[in-house]
Structure formats: structure tokens, C-alpha cells
Amino acid sequence: MSMQPLPVLARREPYRNRFITIVDEDVPDRVGNPYTYTTISCTWDVVIVVPLLPDGRLVLERIYRHPYRAQLLEFPAGGIEHGEDPLAAAGRELLEETGWSAGRLTALTSFATLPGLLHMHTHVVLAEDLTDTGSTNHEAMEHIAIELHTVSAAWAEPAPHSAFLVTGLLALERHLRG
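Scoring rules and cut-offs
Residues numbered from 1 in each chain as written. Predicted model: local features only at pLDDT ≥ 70, side-chain atom pairs only at ≥ 80, totals over all residues. Heavy atoms only, no water. Helix = DSSP H or I, 4+ residues; strand = E, 2+ residues; numbered from the N terminus. Buried < 20%, exposed > 50% of the residue type's maximum accessible area, 1.4 Å probe, protein only. Areas by Shrake-Rupley, 256 points an atom, 1.4 Å probe, with all protein chains shown as cover. Lys, Arg positive; Asp, Glu negative; His and termini not counted. Charge placed at Lys NZ, Arg CZ, Asp CG, Glu CD. Pairing = 2+ DSSP bridges. Expected span 1.5 Å × (residues − 1). Contact = heavy atoms within 4.5 Å. pLDDT = per-residue confidence, 0-100. Salt bridge = Lys/Arg side-chain N within 4 Å of Asp/Glu carboxyl O. Phe/Tyr/Trp six-rings, centres within 6.5 Å; stacked < 30°, edge-to-face > 60°. Axes fitted to C-alpha atoms, helices over the stretch in contact; angles between N-to-C directions.

Brief notes about the overall build of the chain
1) Next: Of regular secondary structure, the chain possesses three helices and 10 strands.
2) Next: In the chain, the order of α-helices and β-strands from amino to carboxyl end is β-β-β-β-β-β-β-α-β-β-β-α-α.
3) Next: For the chain, the proportion of its 178 residues judged to be buried stands at 34%.
4) Next: In the form shown here, the chain has an accessible surface area of approximately 10500 Å², with 56% of it arising from carbon and sulfur atoms.
5) Next: Each charge sign in the chain was given a centre, from 13 positive and 23 negative side chains, and these centres are 5 Å apart.

What follows is the structure in C-alpha cells.
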């Protein structure tokens, strides 16, 4: 059964900044009455980078996440610039955030991040043949420390678990199983 997109009766953008736009769209419900559907439209799609060393350890970052008032263990991740290939974005984000460069990048998966609320796609990329350049380029609000962990140690990280960590670990395990 194929469904057509709902007609948009009215559209409003009550808030916008450099990261997101809040969008209110009036669409007909099942019986034709107007219903306001609110979504968040992200400026960029996102890439999660899974840096895998030859010994099986992962290059991870402990990053401050203000909504949780905590430092979370995560894979490097960031926005994909308009027109940028997800693999290129993965290489750029890995180098900027961790100082590691990748000799090989492999797309693992992509998905609609939170389809009922958020308009953003997430791409997960495996980074291998890594070299530590020792140089990072953090943005002003990126409070990041680089850590090396085994997969089991990353899974053992206390809650709350970052979606970037869990998604990356699941994609890696699926890839390694073939």
C-alpha cells in the first residue's frame, strides 16, 4: 500500500537557530480535520565515526553534553556540510575531534534518526588504518578527551549511554559478524 504525502494546509517556523528549525505544519487528520504536526528540522545530517584500531580497540571521546550535565562516552560525530559526502564528513570529523586520520572509510548504515519528530539522517562510518596526528581542532563548546577502549569496556560504560555510542557499537558488531 503506497501512501501519498499529506497536503500541507499551513506552515510556520516559530523558532530557528544555526542548528535547528522548529516547524509547525497543519495537515489533515484521517477524517480531514486540521492537525498541527510539529517537527524539528536539523540544519545538517549527522555522521557517527567508528574508529577501529588493528588491535580491536576503539578511539572514543569523553564529551560534555550540557542537556545531561555530564560527560558521555561517544564515538566522534558531527554535522555533514551541505553537498559533502558522508565518508568525507567522517574523515573530517574524526581528524577535527580526535586528531586521528583514517586510511580507509567504509559506510556501515544510515537511518532516519527519530522519524516521528526529527528530520535528520544519521550515517555510521567505519574508520580503519588509523594514524594519530596529535592535532585536534575543537569548536569552542567541544569539551573532549580522547580515550581508547575495547568494545566490551565501551558496552560496560555506566548509563546514561549516548545514542552515538550505542549506535556505533551495534553497527560495528553487525559489520564484524558479516
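Moving on from the model shown.
Digging into the pairing of strand β4 (residues 45–51)
1) Next: Of all seven residues in β4, six are buried, a share of seventy percent or more.
2) Next: Pairing geometry for β4 and strand β9 (residues 118–132), over six bridges, is parallel. In the sheet register, isoleucine 48 faces β9, and the bridge partner there is valine 124.

A short note on helix α3 (residues 163–177)
1) Next: Between the first and last C-alpha of α3 there are 21 Å, a value that for 15 residues agrees with the 21 Å anticipated at 1.5 Å per step.
2) Next: For α3, every residue scored as buried is listed here: Leu165, Gly168, Leu169, Ala171 and Leu172.
3) Next: In this fold, the buried residues of α3 make contact with β4, β5 (58–65), β6 (70–74), β8 (100–114), β9 and α2 (151–155).
4) Next: Positive backbone phi, approximately 85 degrees, marks glycine 178, located one or two places after α3.

Some words on the confidence of the model for the chain
1) Next: Overall, the predicted model of the chain reaches an average pLDDT of 94, with 99% of residues at or above 70.
2) Next: Looking across the chain, the model is least confident in strand β10 (residues 144–149), with a mean pLDDT of 94, and most confident in β4, with 98.

Brief notes about the environment of glutamate 147
1) Next: Locating glutamate 147 in the fold gives a position in strand β10.
2) Next: Look at glutamate 147 and you get partly exposed, because its relative accessible area is 21%.
3) Next: Glutamate 147 sits 86 residues away from glutamate 61 along the chain, and the two C-alpha atoms are 5.7 Å apart.
4) Next: Ignoring sequence-local partners within four residues, the contact set of glutamate 147 consists of Leu58, Val59, Leu60, Arg62 and Leu73.

Observations concerning the pattern of salt bridges
1) Next: Inspection of every chain in the model, using the stated rule, returns 13 salt bridges.
2) Next: Taking the shortest distance from any N to any O, the salt bridge between arginine 62 and glutamate 147 comes out at 2.8 Å. With arginine 62 in strand β5 and glutamate 147 in strand β10, the pair connects residues that are 85 residues apart, well separated along the chain.
3) Next: Under the relative-accessibility criterion, arginine 62 is labelled buried at 17%.
4) Next: Note that arginine 92 is salt-bridged to glutamate 84, the shortest N-O span being 2.9 Å.
5) Next: Via salt bridges that share partners, Arg11, Glu13, Arg16 and Glu25 belong to a single interconnected network.

Topic: the packing of aromatic side chains
To describe a pair of aromatic rings, you give the distance between the ring centres and the angle between the ring planes.
1) Next: This model, assessed by the stated rule, comprises two aromatic pairs.
2) Next: Judged by centre distance (5.9 Å) and plane angle (65 degrees), the ring pair of phenylalanine 19 and tryptophan 44 falls under edge-to-face. Residue phenylalanine 19 is located in the loop between β1 (10–16) and β2 (20–28), and its partner tryptophan 44 is located in the loop between β3 (34–42) and β4; the two are separated by 25 residues in the primary sequence.
3) Next: Owing to a relative accessible area of 43%, phenylalanine 19 belongs among the partly exposed residues under this scheme.

Digging into the sheet that holds β6
1) Next: If you trace the three strands from one edge of the open sheet to the other, you get β6-β5-β10, paired in antiparallel fashion. Whereas interior strands pair on both sides, the edge strands pair on one side only; in this sheet they are β6 and β10. When strand polarity is set aside, the average angle formed by the axes of neighbouring strands in this sheet is 30 degrees.
2) Next: Note: β5 against β6, five bridges, orientation antiparallel. Within the sheet, the bridge partner assigned to tyrosine 64 lies in β6 and is glutamine 71.

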